[in-house]
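# Per-entry structural report
So you can see what is in the structure, the chains are spelled out below.
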Amino acid sequence: LAINLKMSLRMLGFLIFLIYISQTVVFLVLRHLRGWRYRIGPLLFCQGLAAGGLIIGFFTRSIFLFGLSFILIGISGGVTYFSSIFYSLDSSAARGKKTGFHESILGTGALLGPLFGGLVARYYDLRAPYLLGLTLIICAMLLEVVIYHNAKSIDK
């Protein structure tokens, strides 16, 4: 897509940098904040940011809007990663098992994300990976709500 849009390699590298710097900033901020823990709202909000970023990325040709898109995706990635590892390590029960599950999900995503993204880009459209990502985020958000409500009903 970057080549198709006549984007320079330097600009593409900068856009990818925006994802990772956004994640890093989120990591640094979340270590000092406590209000987000064990609340689904902040997690869903940040995943909504990623959904918005994917929608922007799907429609735009603007470098500035791609930058915004990648920042939103990076913020969401930082929050979801940090949340996952935090919840894996927060209790003393089965830390190793929970952390292993966390890492296996990340590894699977790192393998399957580019594989399926590349396939939909090749066989459908260069922008199709944005729709694939959007679909997966929406499905994950719905699953999180179901799990959260089931856990709340068990606690009562």
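Bear in mind that the values here come from a model prediction, so they are computed numbers and not experimental data.

As a packed pair, helix α1 (residues 9–30) and helix α3 (residues 63–90) sit with axes 7 Å apart at the nearest point and diverge in direction by 35°. As α1 packs across α3, the resulting crossing turns out to be right-handed. Residue-level inspection shows Met 11, Leu 15, Ile 16, Leu 18, Ile 19, Ser 22, Gln 23, Val 26, Phe 27 and Leu 30 of α1 in contact with α3, the latter providing Ile 63, Phe 66, Gly 67, Phe 70, Ile 71, Gly 74, Ile 75, Gly 77, Gly 78, Val 79, Tyr 81 and Phe 82.

Attention now goes to the environment of Gly 41. Examined against the element boundaries, Gly 41 turns out to sit in helix α2 (residues 40–59). Taking the C-alpha atoms as reference, Gly 41 lies 15 Å from Tyr 87; in sequence the two are 46 residues apart.

Turning our attention to α2. Between its first and last C-alpha, α2 extends 29 Å over 20 residues, near the 28 Å set by a 1.5 Å rise per residue. Taken together, the buried positions of α2 are Ile 40, Leu 43, Leu 44, Cys 46, Gln 47, Ala 50, Ala 51, Gly 53, Leu 54 and Gly 57. Residues of α2 that are buried in the fold lie against α3 and α5 (128–155).

Another aspect to go through is the side chain of Thr 60. Along the chain, the position of Thr 60 falls in the loop between α2 and α3. A polar atom in the side chain of Thr 60 sits 2.9 Å from the backbone nitrogen of Ser 62. Those residues in contact with Thr 60 that lie beyond four places of it in its chain are Leu 65, Phe 66 and Arg 127.

The terminal C-alpha atoms of α3 lie 40 Å apart, and with 28 residues this matches the ideal 40 Å at 1.5 Å per residue to within 8%. Sitting at the head of α3, Ser 62 places a side-chain oxygen 3.2 Å from the backbone nitrogen of Phe 64.

Here we come to the packing of aromatic side chains. Taken as a whole and assessed by the stated rule, the structure comprises 12 aromatic pairs. Between Phe 27 and Tyr 81 the ring centres are 5.6 Å apart and the planes differ by 45°, which places this aromatic pair in the tilted class. Placement of the pair is Phe 27 in helix α1 and Tyr 81 in helix α3, with a sequence separation of 54 residues. Judged by its relative accessible area of 31%, Tyr 81 falls in the partly exposed class. Cluster of aromatic residues (ring-pair linked, three or more members): Phe 27, Trp 36, Tyr 38, Tyr 81, Phe 82, Phe 86 and Tyr 87.

Definitions and cut-offs
- Sequence order as written defines the numbering, with residues in each chain counted from 1.
- Reporting in this predicted model follows two pLDDT cut-offs: at least 70 for local features of residues, and 80 or more for side-chain atom pairs to be given and counted; totals over whole chains, interfaces and linings ignore these cut-offs and use all residues.
- Only hydrogens and water are set aside; all other atoms, that is, all heavy atoms of the structure, feed into the side-chain values.
- Here, axes are lines fitted to C-alpha atoms. For helices the fit covers the stretch in contact, and angles between N-to-C directions go from 0 to 180 degrees.
- Here a helix means four or more residues in a row that DSSP labels H or I, a strand means two or more in a row labelled E, and each is numbered from the N terminus.
- Take the far helix as the reference: if the near one is turned anticlockwise from it by less than a right angle, the crossing is left-handed, and if turned clockwise, right-handed.
- Contacts are residue-level and defined by heavy atoms, with any inter-residue pair within 4.5 Å sufficient.
- By definition here, a helix of n residues has an expected span of 1.5 Å times n minus one.
- For every residue, the accessible area (1.4 Å probe, protein chains only) is compared with the maximum for its type, and the residue is labelled buried under 20%, exposed over 50%, or partly exposed between those bounds.
- Any N or O atom pair separated by 3.5 Å or less is treated as a polar contact, with the protein-specific requirement of one donor-capable and one acceptor-capable atom, and with residues adjacent in sequence counted only for side-chain atom pairs.
- Aromatic contacts are taken between Phe, Tyr and Trp rings whose centres are within 6.5 Å, Trp giving its six-membered ring; a plane angle under 30 degrees counts as stacked, one over 60 as edge-to-face, and the others as tilted.

The analysis is restricted to geometry; functional conclusions fall outside its scope.
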